[in-house]
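Chain and residue survey
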Amino acid sequence: MDTGADEWSSRLGFILASIGSAVGIGNIWRFSTIVGQNGGGAYLIPYLCAVFLVGLPMMILEMQAGHRLRAQVVQAFHAARSPLRHAGWVVCILVTGIIGYYLVVTGWTLAYVVFSLSGTRELFGVFTASFAPIISFLASAAICGAVISFGVRKGIERITTLLVPAIFVILAGMVLIAVQLPGFAAGVSYFLTPDFSVLADPLIWGAAIGQVFFSLSVGYGALLTYGSYFRSGGEIPRSAAIVTAADLLVAILAGLVIFPIVFSYGLEPAAGPELAFTTLPLAFALMPWGSVIAVVFFTLLFFAAMSSAISFLEVPTVTLASMARMTRRRAAVIMTFVVSLIGLPAALSYSAYPLRIGGVPVLDLMDETFGTFGLSVSGLLIAVTFSWFVDPEVIWGDTAKSSFLMRLVIPLCRYVIPAALVIAIVFRAASWVLTAG
């Protein structure tokens, strides 16, 4: 494997790539969906608590472990010499399953960019009744694999340096448009007004923790891998704080765009995943310059999805390259083929051949097993291994002397995060048992 170019050229490159990993469709489509389903502004309090008590410390731990051990996921777990030293393979398998179906949704965004550019108003039901979802899925996988094959600097860093600023520019422009809509005030009020009475509901807190892991891309091993390419480890806590702030900003800006549109055109704010691909296109059709806004919005979704997909695919690719001692390009080709095979059933489940298991689309099952349950397991393995079974001096180095880290981040990683994840896993398993019963 060519390791000469497997480092970020600068701290800015590392930060932009990490922002690209964190900022995905989870910030735009999924965040707005969950806010809508959990009573609007009431959800923001547990979400912000989860960001700073779980998400940020976990991000610092992942980046720091990758940097200090200078290893990809599997090698980092082996270096930990803990009872969980083989768990790196579990993390790698889980993220491979996640990228398989994540690229299906990425393909949807790519297809809607094409539809918008061509002026086609494609209903989601019509789109998923064809084989177009499979074509767009394979195209997205090919694009992602091509970027990975060029390496860290020439591939990942170069593309995220373009995509991440574009995401913020597009969002800022859409906020300016949303401000002029008649439902802006109502949308913002719904989005930002908290209802403190719902804070006693443990399900909302659980949803917030799950969204934080999904949104910040922690627990996947992607940020651990990115951290291994970074030289200046002493700046990791500050870099993680910048990434977290950027991630939060994107989520807030997305809410300031989506909910004013929803309230301006009498749509349902708790519409669920169909909000992005069914509900909003109907609003775009009614808006002045709606065709242009549709192109901009779906380009935003595609850029966000692709920047995260790249980081996810990097995990199994660099693992294969290092463990099998092959070139990055060959490993990228193999892993692109593998994730295409894994994701194909998910793509088929929303196509002219609606593949179901027990009446449930395969994509939904993969999201539940890999993206919800599996991500919690992966995060737990990372948190426990690198906060309990590795000498703190090895992971934190000189930064361990920081009062901020010693008094807050390290205890959170050792106690609060594992406890929260265990509770999430138990609740999820119990819900499966109750549902099956």
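Use the structure listed above.
First, a word on what this report is: a plain description of the structure on this page.

What counts and how
Residues numbered from 1 in each chain as written. Predicted model: local features only at pLDDT ≥ 70, side-chain atom pairs only at ≥ 80, totals over all residues. Heavy atoms only, no water. Helix = DSSP H or I, 4+ residues; strand = E, 2+ residues; numbered from the N terminus. Rg over C-alpha atoms; globule rule 2.2 N^0.38 Å. Buried < 20%, exposed > 50% of the residue type's maximum accessible area, 1.4 Å probe, protein only. Contact = heavy atoms within 4.5 Å. Lys, Arg positive; Asp, Glu negative; His and termini not counted. Charge placed at Lys NZ, Arg CZ, Asp CG, Glu CD. Axes fitted to C-alpha atoms, helices over the stretch in contact; angles between N-to-C directions. Parallel < 35°, antiparallel > 145°, perpendicular 65-115°, else oblique. Left-handed = near helix turned anticlockwise from the far one by under 90°. Phe/Tyr/Trp six-rings, centres within 6.5 Å; stacked < 30°, edge-to-face > 60°. Patch = residues over 30% accessible without salt bridge, like charges linked within 9 Å, V, L, I, M, F, W, Y side chains within 5 Å. Areas by Shrake-Rupley, 256 points an atom, 1.4 Å probe, with all protein chains shown as cover. Salt bridge = Lys/Arg side-chain N within 4 Å of Asp/Glu carboxyl O. Disulfide = S-S within 2.5 Å. Nonpolar A, V, L, I, M, F, W, Y, C, P; charged D, E, K, R; others polar. Polar contact = N/O pair within 3.5 Å; in protein donor to acceptor, adjacent residues only side chain to side chain.

This paragraph deals with the overall build of the protein chain. Within the protein chain, the regular secondary structure consists of 18 helices and two strands. A globule of 437 residues ought to have a C-alpha radius of gyration of about 22 Å, and the protein chain, at 21 Å, matches this closely. Along the longest, intermediate and shortest principal axes, the C-alpha atoms of the protein chain span 60 × 50 × 50 Å. In the protein chain, which comprises 437 residues, the proportion classed as buried is 59%. For the protein chain, the proportion of contacts with a sequence separation of at least 24, taken over those separated by at least 6, is 82%. Each charge class in the protein chain was averaged separately, 21 positive and 19 negative side chains, and the resulting centres sit 10 Å apart.

Closest axis-to-axis distance for the helix H3 (residues 44-69)/helix H12 (residues 236-264) pair is 9 Å, and the angle between their directions is 140°. Relative to H12, the element H3 is oriented oblique. The hand of the H3/H12 crossing is right-handed. Only Ile236, Pro237, Ala240, Ala241, Val243, Thr244, Asp247 and Leu248 of H12 make contact with H3, whose side of the interface consists of Tyr47, Leu48, Val51, Phe52, Leu56, Met59, Ile60, Met63, Gln64 and His67.

Moving on, we get to the packing of aromatic side chains. Taken as a whole, this structure holds 30 aromatic pairs when the rule is applied. Where Phe277 meets Phe298, the ring centres are 6.3 Å apart and the plane angle is 25°; that geometry is what we call stacked. Of this pair, Phe277 sits in helix H13 (residues 274-286) while Phe298 sits in helix H14 (residues 290-323), placing them 21 residues apart in sequence. An aromatic cluster is present here, built from Trp108, Tyr112, Phe115, Phe124, Phe127, Phe277, Phe284, Phe297, Phe298 and Tyr350 joined pairwise through their rings.

Here we take up a nonpolar patch on the surface. On the surface, a cluster of nonpolar side chains totalling about 390 Å² of accessible area is made up of Trp388, Phe389, Tyr415 and Val416. Trp388 sits in the partly exposed class, given a relative accessible area of 38%.

In the structure shown here, the tally under the stated rule is zero disulfides. Cys49 takes part in no disulfide bond, and the closest cysteine sulfur, belonging to Cys413, lies 17 Å away. A relative accessible area of 31% means that Cys49 is categorised as partly exposed. A residue is classified by how much of its surface remains accessible, and Cys413, at 1% relative accessible area, is buried.

Let's shift gears to the packing of helix H9 (residues 184-192) against H12. In contact at an axis separation of 7 Å, H9 and H12 are set at 130° when each is read in the N-to-C sense. Classified by the interaxial angle, the pair formed by H9 and H12 is oblique. Of the two elements, H9 crosses H12, and the hand of that crossing is right-handed. The residues of H12 that touch H9, namely those facing Phe184, Ala186, Gly187, Val188, Tyr190 and Phe191, are Ala251, Ile252, Gly255, Leu256, Phe259, Pro260, Phe263 and Ser264. Here the contact of H9 with H12 is composed, by residue class, of eleven nonpolar, three polar and no charged.

The next thing to look at is unusual backbone geometry. The backbone of Ser217 sits at a positive phi, close to 60°, despite the residue not being glycine. Summarising the element assignment, Ser217 is placed in the loop between helix H10 (202-216) and helix H11 (222-227).

Summarising the element assignment, Ser387 is placed in helix H16 (residues 362-388). Here Cys413 takes part through its backbone oxygen, which lies 3.3 Å from a polar atom of the side chain of Ser387.

Inspection of every chain in the model, using the stated rule, returns five salt bridges. Across the salt bridge formed by Asp6 and Arg328, the nearest N and O atoms sit 3.6 Å from each other. Placement of the pair is Asp6 in the segment before helix H1 (11-22) and Arg328 in helix H15 (residues 328-349), with a sequence separation of 322 residues. Each member of the pair Asp6 and Arg328 is classed as buried.

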